Amino acid sequence: MTGNTSSLMSALLPTTLVVALALAGCTALTPAYERPEAPVASQWSDATATPAGTPAAAELGWREFFTDPQLQALIAQALAHNRDLKVAVLNVERAQALYRVQRADQLPSVNAGVGQSAQRLPGGLSGTGQPAISRQYTATLGISAYELDLFGRVKNLTDAALATYLATEDARRSAQISLIAQVASSWLTLAADQERLALTEATLKTREDSLRLTQRLQASGISSTLDLRQAEIAVESARADQASLSAQVATDRHALELLVGQPLTPEQGPRSDTTAPATLTAALPAGLPSEVLLGRPDVQQAERSLQSANANIGAARAAFFPRITLTASAGSASGELDGLFRNGTGFWSFVPQITLPIFDSGRNRANLKVAEVDRDIAVAQYEKAIQSAFREVADALSERQTLGQQAQAQQRLVAQTQDALQLAEARFRAGVDDRLATLDAQRSLYSAQQSLIATRLAEQVNRVTLYKALGGGVQERSTATAQPRQSGA
């Protein structure tokens, strides 16, 4: 009976292999991958022409784009110590290890083993009437349950793991770009709030001088009690602003320390105000959306996830077909340890196995449906990533168009309010107007100066945001080896 079974298996195995190979050759189990059409316009609505030869943002190293040495040092420190970026790097290492685990299934695993078994038989069963102990020593080398990947199930799972690993690397690059932009924006915000605090302190001193003058005039009967109260209100308002901005500066520093990953020394804070540009001021070329967006790491990450989901469909389809696994071993067995490798002690076994799914209560079909839905979800997420990236760039370009004009208008407003304050003080000293007109002019100047600082901050942050949105910040490039570029306005 055993011989008949072996003959039958020997006859069926080649036939089964031929049929399986034929099915594998004529069946395309994995859908052909096609990149979805980008659901965005083909041009930016607010893009302006830039000089020929101007490098794209993705080609600019962050050390080239950020020109302030202090800011460069903080960015480098953040890239070395930021905890979120460390997690992103570790996620890449984990995904790489998982990919290597999955890739190992494409090759057979060879294992070696050495064993010993001992058995004691009682005298009633030994045949000699005396208890007997038998021992057997074995040494084997074998392959266990290696799957012949005729229908690409293992290959598709490996491709999915590779795409996931590459997507994780894209996520790390995206996290790096975001971190650089966050550090720069926080640093600029701290500089702006320090400038606003200095402005408030100077304003408070001016208003205190004005209050002392009003007190003397009120004591001499020249100024009214209303003028005195108005001067006192102006002083207390400035003191409240000073306290609020002092707390805001401390909060800004704490936020920057969290991004950098280490406490900052007083010397590491920004020394310049918003009038000194911390980045290149030359306009970055917007380029075509099809070129810019597809190069962004977050968009590439979404596409890798789509490719992984597409490969999982092939693996789910392969589950409907037979699975052929091979188990084989060879070795030596002996009752004596010193005779383990003598002639006549060798043995081998070869166990091919074919598993054909017949009835699984719809499990394979449900798994295929899950894989197809995951692919559709990945398509929607990819399209959303494209749309979100397009909006980021479009918003930054729109702001770039108007922030320069806004800053110029705000600068003219400050100059005009300064003239208005001088005229109001002259009329007050001449006795033409009361103190209220001077106080109104002081408040207008203070407000205009605060708005000018905010506008300059928005203008610098916009350059950082556009650099990030266009995919800049992946490369470092030392400023010592980079080509010199114009950084003036």
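Residues numbered from 1 in each chain as written. Predicted model: local features only at pLDDT ≥ 70, side-chain atom pairs only at ≥ 80, totals over all residues. Heavy atoms only, no water.

J.: I'm lost on the overall build of the chain in this one. Help?
T.: For the chain, the helix and strand inventory stands at 11 helices and 4 strands. Each of the 489 residues in the chain was classed as buried or not, and the buried ones make up 36%. Considering only intrachain contacts with a sequence separation of at least 6, the fraction spanning at least 24 residues in the chain is 84%. Of the roughly 26900 Å² of accessible surface on the chain, 55% is carried by carbon and sulfur atoms. (Helix = DSSP H or I, 4+ residues; strand = E, 2+ residues; numbered from the N terminus. Buried < 20%, exposed > 50% of the residue type's maximum accessible area, 1.4 Å probe, protein only. Contact = heavy atoms within 4.5 Å. Areas by Shrake-Rupley, 256 points an atom, 1.4 Å probe, with all protein chains shown as cover.)

J.: Explanation requested: the packing of aromatic side chains in the structure shown.
T.: Note on aromatic pairs: each is described by the distance of the centres and the angle between the planes. Applying the stated rule across the entire model yields 6 aromatic pairs. Taking 5.0 Å as the distance between ring centres and 85° as the angle between the ring planes, the aromatic pair formed by F65 and F66 counts as edge-to-face. An aromatic cluster is built from F65, F66 and Y467, whose rings are joined through pairwise contacts. Here the guanidinium or amino end of R207 rests over the ring plane of Y446, the centre of that ring lying 5.2 Å away. (Phe/Tyr/Trp six-rings, centres within 6.5 Å; stacked < 30°, edge-to-face > 60°. Lys NZ or Arg CZ within 6 Å of the ring centre and 35° of its normal.)

J.: Looking at this structure, how should I read the nonpolar core?
T.: One broad rule of soluble globular proteins: the nonpolar side chains tend to lie buried together. W44, F66, L71, V183, L256, V393 and Y467 are the most contacted members of the largest nonpolar core, which has 53 residues in total. Looking at this core, the elements that each hand over two or more residues are α2 (62-65), α3 (69-81), α6 (153-219), α7 (225-260), α9 (297-318), α10 (363-429) and α11 (435-469). With 11 residues, α6 is the single largest residue contributor to this core. With near-sequence residues (within four places) excluded, L256 lies in contact with L74, V183, S186, W187, L190 and L264. Counting residues in hydrophobic clusters, the runner-up holds 7 residues, among them A424, L445, A448 and L452. (Core = buried A, V, L, I, M, F, W, Y, C linked by side-chain atoms within 4.5 Å.)

J.: I keep staring at the pattern of salt bridges and nothing clicks. Help me out?
T.: Opposite charge on two side chains allows them to pair when their charged atoms are near. For the structure on display, the rule yields 20 salt bridges. Of the charged contacts in the structure, one is a salt bridge between R375 and D376, with a shortest N-O distance of 3.1 Å. Note on R375: relative accessible area 22%, which makes it partly exposed. Relative accessible area serves as the criterion here: at 44%, D376 is assigned to the partly exposed category. A salt bridge links R391 to D395; the nearest nitrogen and oxygen atoms lie 3.2 Å apart. (Salt bridge = Lys/Arg side-chain N within 4 Å of Asp/Glu carboxyl O.)

J.: Explain the packing of α6 against α11 here, please?
T.: Describing two packed helices takes the angle between their axes plus the distance from one axis to the other. Between α6 and α11, the least distance of the axes is 9 Å, while the angle of their chain directions is 170°. Between α6 and α11, the angle falls in the class roughly antiparallel. The residue makeup of the contact of α6 with α11, split by class, is 12 nonpolar, 11 polar and 7 charged. (Axes fitted to C-alpha atoms, helices over the stretch in contact; angles between N-to-C directions. Parallel < 35°, antiparallel > 145°, perpendicular 65-115°, else oblique. Nonpolar A, V, L, I, M, F, W, Y, C, P; charged D, E, K, R; others polar.)

J.: Help me understand α11, please; the structure alone is not making it clear to me.
T.: Its 35 residues place the ends of α11 50 Å apart at the C-alpha level, agreeing with the 51 Å of an ideal helix rising 1.5 Å per residue. One or two residues past the end of α11 sits G471, with phi positive at roughly 90°. (Expected span 1.5 Å × (residues − 1).)

J.: Got a minute to help me understand the packing of α9 against α10 in this structure?
T.: As a packed pair, α9 and α10 sit with axes 8 Å apart at the nearest point and diverge in direction by 165°. By the angle between their directions, the pair α9 and α10 is classed as roughly antiparallel. Judged by the sense of rotation from one axis to the other, the crossing of α9 with α10 is left-handed. When the residues that make up the contact of α9 with α10 are grouped by side-chain class, the tally is 14 nonpolar, 5 polar and 5 charged. (Left-handed = near helix turned anticlockwise from the far one by under 90°.)

J.: What exactly am I supposed to notice about the side chain of T158 here?
T.: Among the secondary structure elements, T158 is positioned in helix α6. By relative accessible area, T158 is classed as buried at 4%. Of the polar contacts made by the side chain of T158, one reaches the backbone oxygen of V154; its length is 2.9 Å. Sequence-distant contacts of T158, that is, excluding residues within four places in its chain, are made with Y99, Q102, R103 and Q106. (Polar contact = N/O pair within 3.5 Å; in protein donor to acceptor, adjacent residues only side chain to side chain.)

J.: What am I meant to see in the environment of E169 here?
T.: Residue placement: E169 occurs in helix α6. Residues E169 and A95, spaced 74 residues apart in sequence, show a C-alpha to C-alpha distance of 8.7 Å.

J.: Would you mind going over the pairing of strand β3 (residues 323-334) with me for this structure?
T.: Put simply, side chains in a regular strand alternate between the two faces of the sheet. By the bridge criterion, 10 bridges tie strand β2 (residues 132-148) to β3 in an arrangement that is antiparallel. The partner of L141 across the bridge, within β3, is A330. Strand direction decides the pairing type here: β3 and strand β4 (residues 346-355), joined by 10 bridges, are antiparallel. Residue S329 lies in a different strand from β4, and its bridge partner there is S349. (Pairing = 2+ DSSP bridges.)

J.: Where do I start with helix α4 (residues 83-103) in this structure?
T.: Every α-helix winds through 3.6 residues per turn, so residues three or four apart in the chain are directed the same way. In a regular helix each residue adds 1.5 Å, so 21 residues correspond to 30 Å; α4 covers 30 Å between its end C-alpha atoms and thus fits that length. Residues of α4 that are buried: L85, A88, V92, A95, Y99 and Q102. The buried residues of α4 all sit within an arc of 95° when viewed along its axis, so they share a single face. Among the exposed residues of α4, those pointing more than 90 degrees away from its buried face are L90, R94, R100 and V101. Looking at the packing, one finds that the buried side of α4 touches α3 and α6. Where α4 starts, the residue carrying a side-chain oxygen 3.0 Å from the main-chain nitrogen of D84 turns out to be N82. (Arc of directions from axis to C-beta.)

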